[in-house]
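Okay, here's what each chain looks like letter by letter:
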Amino acid sequence: MMQLTTGERQLGAIVLIALAILGIAMAAAGRTDVLGIHGAMVLLYSLALLFLLFSSAFGPEPSPARLTRYYDDPIKVGVGLTLFWAIFGMFIGVWAAAQLAWPILNFDTSWASFGRIRPAHTSGVIFGFGGNALITTSFHVVQRTSRARLADQFSPWFVLFGFNLFCLIAVSGYFLGVTQSKEYAEAEWYADIWLVIVWVTYFVLYVRTLALRKEPHIYVANWYYMAFIIVVAILHIVNNLAVPLSFAHAKSYTIWAGVQDSMVQWWYGHNAVAFFLTAGFLAMLYYYLPKRAERPIFSYRLSILSFWGITFFYMWAGSHHLHYTALPHWVQNLGMTFSVMLLVPSWASAGNALLTLNGAWHKVRDDATLRFIMMAAFFYGLSTFEGSFLAIRPVNSLSHYTDWTVGHVHAGALGWVAMITFGSLYTLVPAIWKRERMYSAALVEVHFWLALVGTLIYVFAMWNSGIIQGLMWRTYSPDNTLVYSFLDTLLAMYPYYIARAFGGLLFLIGAIVAAYNIWMTVRAPSAAQLPLDEDLPASDRPLDGAAPTPAE
Amino acid sequence: MPEVMHRKLERTATGFMLAIIAAASVGGIVEIAPLFTIDDTVEAAPDMRLYTPLELAGRDIYVREGCYACHSQMIRTLRDEVERYGPYSLAVESQYDHPMLWGSKRTGPDLARIGGKYSDFWHVNHLNNPRDVVPESNMPSYRWLGTTPLKLSDLPLALRAQRAVGVPYTDAMIENAARDAYGQAVPDSEQSSGVTERYGEATQISAFDGVTTNVTEMDALVAYLQVLGQLTRAAYENPAAPQQMPDPDD
Ligand code: HEM
Ligand code: HEM
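Labelled according to an unreviewed UniProt entry, chain B appears under the name Cytochrome-c oxidase, cbb3-type subunit II, originating from Shinella pollutisoli.

The name an unreviewed UniProt entry assigns to chain A is cytochrome-c oxidase, from the organism Shinella pollutisoli. Heading Pathway (unreviewed entry) of the UniProt record for chain A holds this comment: "Energy metabolism; oxidative phosphorylation."

What follows covers the pattern of salt bridges. A side chain with one charge can pair with a side chain of the opposite charge if their charged atoms come near. Residue and element names in this part refer to chain A. All chains considered together, the criterion is met by 27 salt bridges over all chains. A salt bridge links Lys363 to Glu294; the nearest nitrogen and oxygen atoms lie 3.3 Å apart. Highlighted residues: Lys363 in helix 12 (residues 361–366) and Glu294 in the loop between helix 8 (258–293) and helix 9 (300–313), separated in sequence by 69 residues. For Lys363, a relative accessible area of 25% corresponds to the partly exposed category.

On to the site of ligand 2, then. Ligand 2 sits among 27 residues. The nearest are Glu183(A), Tyr184(A), Asn396(A), His400(A) and His408(A). Flanking ligand 2 are residues from chains A and B. Within the side chain of Ser104(B), one N or O atom sits 3.3 Å away from an oxygen atom of ligand 2. Of all the secondary-structure elements, those providing two or more residues to the shell around ligand 2 are helix 8, helix 13 (368–390) and helix 15 (403–433) of chain A. For the shell around ligand 2, the residue count by class is ten nonpolar, 16 polar and one charged.

All right, on to the coordination of the iron atom of ligand 1 then. Residue and element names in this part refer to chain A. Note on the iron atom of ligand 1: its protein donors are His121 (NE2) and His410 (NE2). The metal-donor distances range over 2.0 Å. Given six donor atoms and angles of 87 to 179° at the metal, the environment of the iron atom of ligand 1 is assigned as octahedral. Within this pair, whereas His121 is found in helix 4 (residues 114–146), its partner His410 is found in helix 15, the two being separated by 289 residues in sequence.

What follows covers the side chain of Glu217(B). Looking at the element boundaries, Glu217(B) is found in helix 12 (residues 217–227). For Glu217(B), the contacting residues outside a window of four places in its chain are Ile61(B), Arg64(B), Leu145(B), Thr148(B), Pro149(B) and Leu150(B).

Our focus in this paragraph is the interface of chain A and chain B. On the chain B side, the residues contacting the 99 residues of chain A number 84 residues. Both sides of the chain A and chain B interface together cover about 7900 Å² of buried area, and 63% of this is carbon and sulfur. Linking chain A with chain B are 33 residue pairs in polar contact (both at pLDDT 80 or more). Sorting elements by how many residues they give to the side of chain A that touches chain B places helix 8 of chain A first, with ten residues. Split by residue class, the side of chain A that touches chain B holds 56 nonpolar, 30 polar and 13 charged.

Rules behind the numbers
Each chain carries its own residue numbering, running from 1 in the written order of its sequence. For naming, the first written chain is A and the first written ligand is 1, with later ones following in the order written. Where totals are concerned, whole chains, interfaces and linings use all residues; where local detail is concerned, this predicted model gives features only for residues with pLDDT of at least 70, and gives and counts side-chain atom pairs only at 80 or more. Here the side-chain values reflect all heavy atoms present in the structure, with hydrogen atoms and water set aside. UniProt positions are given in the numbering used here, feature names are shortened, and annotations may be inferred rather than shown by experiment. The working definition used for a salt bridge is a side-chain nitrogen of Lys or Arg within 4 Å of a carboxyl oxygen of Asp or Glu. Under the scheme used here, helices are H or I runs from DSSP no shorter than 4 residues and strands are E runs no shorter than 2 residues, and both carry numbers assigned from the N terminus. When accessible area is computed with a 1.4 Å probe and restricted to protein chains, residues below 20% of their type maximum are described as buried, those above 50% as exposed, and intermediate ones as partly exposed. Only heavy atoms are used to decide nearness, and a residue is near a molecule or strand if one of them lies within 4 Å of it. Pairs of N or O atoms within 3.5 Å make up the polar contacts considered here, provided that, within protein, one atom can donate a hydrogen while the other can accept it, and that residues adjacent in sequence are counted only when both atoms are side-chain atoms. Side-chain classes follow a simple rule in which Ala, Val, Leu, Ile, Met, Phe, Trp, Tyr, Cys and Pro form the nonpolar group, Asp, Glu, Lys and Arg form the charged group, and the remainder, Gly included, forms the polar group. With water excluded from the atoms, a metal site may look incomplete; its donors are any N, O or S atoms within 2.8 Å, or within 3.2 Å for Na, K and Ca. Angle rules define the geometry names used: all angles between 85 and 135 degrees makes four donors tetrahedral, while opposite donors over 155 degrees apart and all other angles between 65 and 115 make four donors square planar and six octahedral, leaving every other case irregular. Whether two residues are in contact is decided by their heavy atoms: any pair within 4.5 Å suffices. In this description, buried area is defined as the sum, over both parts, of the accessible area (probe of 1.4 Å) that is lost when the two are combined.

This is the structure in structure tokens:
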């Protein structure tokens, strides 16, 4: 099914054998350390893939006709991986949420204690779910908008499986206590090096595919994917520079110290939000929204403005995570200023998206998939407004360290990131598997409401708890003493922690419904065999129709 | 005609990527590079001491267990925080922290000045089961720390790696790392005197977990907690500190 040529199968076998040897070396060198466990995992992972490769190794050469079609096999596997990580990561999220309400839920084990599963949640959803969704859709979008096949057949698989190996090592590491403690960059040095290799391959593949494009212009979605790939590479390398105890130890120390480390970390952290959780998903928005709504993007100018605004402004904003800390004052002020200015390009994107729907509102009413995308744009607008607001120093003095931040995060993560992903998947799946539509429109509708209600419960609970806690911390009695002990403020949180766990559970159930629906769509026999030339590059454009699209 | 220019840019992938790199680099460079002019960014604190090997091991356990996910170590320059937790944190206090553990969420209270606030005994009970001492707490219990022996043999490597990233550990400190960790957790052992010799008289030598027959992860973590906020007195002597700063001795 992979359509690999003999040469590509050989290359795959060589790479996997090299990886297996690396795994053995890690296992041997780190046998008294957790590194050894990861070595064994690398070994098993490469052996499993080798087995898959060999089981189809002696088939006939694929026909050259394949080169006239898009290469969609990695996309199909990517959809499955995205859904797997979505359910896994959100399950851990619900579990973590429940632990804050009922601390016994870690069953007194080390691996399941809150501090270890929390990064498993964040990496699981951001990298596992979000990252796989980005890679998968980027393979789809770059081919369609360039009207070109992926540049080769080996690197897409390397990127996909290599990235998932990174996720596996990272997440399993947290359960084992392997972490750098840097938020969203917890994975240790060897996983980080591996990710660099994967990422460079991804970059080269992307650029080579763009070079094959039959469109003179690079479509706007690709600008965002490019920014995502390039900037994430820069951030990842700089923030993860570290010295390990030895090559036989998982543990390392970052080269950055104290206040410099704080700035590097949040320059990274905030731009992980910007270029991982925003730019890449805006790329999805710019392709799947016009595609699904069958309308061209409202304004090309706004697209340009918001793209460069986001690329330039975001990188200044990280210091808003460090208000009133030991970071020099002028950096805090720069961060605040740019965060507020960031609202302009952010709302330009959100507005551009919503205005694109003008004239298609009846579709939004009838089509839950389009409604997912519309809601995502709405929540994008909401969370960027909230973010700019939270970046203002006096507001941040209240919100920082409280659940308000967590509420903001999940307005973005559930409302924006997850909803745009599901909207995109519901558009992509029938197209890739050549089905007329999803197995069940009713289930998409059910998912939509579960997701929306779940998000609202989650976000409102955290707004309440965050603001209440922030206010309680600073409440003074008339004789100028603090009124509430820390414990009083914790007690006030419990009802909200329970509500949040419930909202998250609804969202998780929605994701399971989605997985079921997609599975049934894939399994259903394609009703009408679409004629073969449907699949030819020429026919699949982001925007069909007479009106030339502004961004092409 | 910016629109026309942009249409040209859209025709070349390389040009477009270079433009992205250029646009994205400015912010980071402007904000990060000046922070390395250490003298302006980090206050001087001549009395600043280094973490002992035992405390460093405790810090690594703090990182491993993800304590930073719920506890900050950064008291902001806000009145209520100073009154609740103590003098606000100075940059110099985390000068040798690789990585910094300022945190971003306070599910539990700030720990920047927790050192000396409670007894070792309290910490051990609290870590074994927080609800034994604070019935309403939602913190996980960490029972296994008291039964897991500390891996002393890795400590010289840890100190050496710390030196590689800029912490001024001496050769003697690196060589004696394992001995010093033992000596700090087993008072009156022959190894104990070396600890104060190398790390200063103020270093706390104690049977942190109450047991002197072996050195456990509990010893290390409690030793670390007890030194938080104690590496230098700079924050208490800071002339810019607000009036209502609590008396450090009470
Ligand atoms: C089923 C839905 C989810 C639930 C129940 C959930 C629950 C949680 C919980 C309990 C925390 C820890 C908060 C704390 O420490 O106080 C958390 C943190 C976080 N979650 Fe989720 N989550 C869910 C979905 C997601 C998704 C889909 C994403 C991203 C795409 C996400 C991204 C994050 C991030 C980035 C943090 C760290 C926030 C911070 O450091 O301030 N979550 N989540
Ligand atoms: C204009 C856009 C945005 C601005 C200016 C902004 C600003 C902020 C601010 C001020 C904080 C609180 C920092 C603190 O007090 O610790 C924050 C936290 C956060 N925001 Fe945003 N935000 C924006 C958009 C988004 C979006 C779209 C997401 C998408 C998922 C997002 C995800 C996060 C995350 C994950 C954190 C938590 C970081 C942590 O503490 O671990 N933000 N943001």
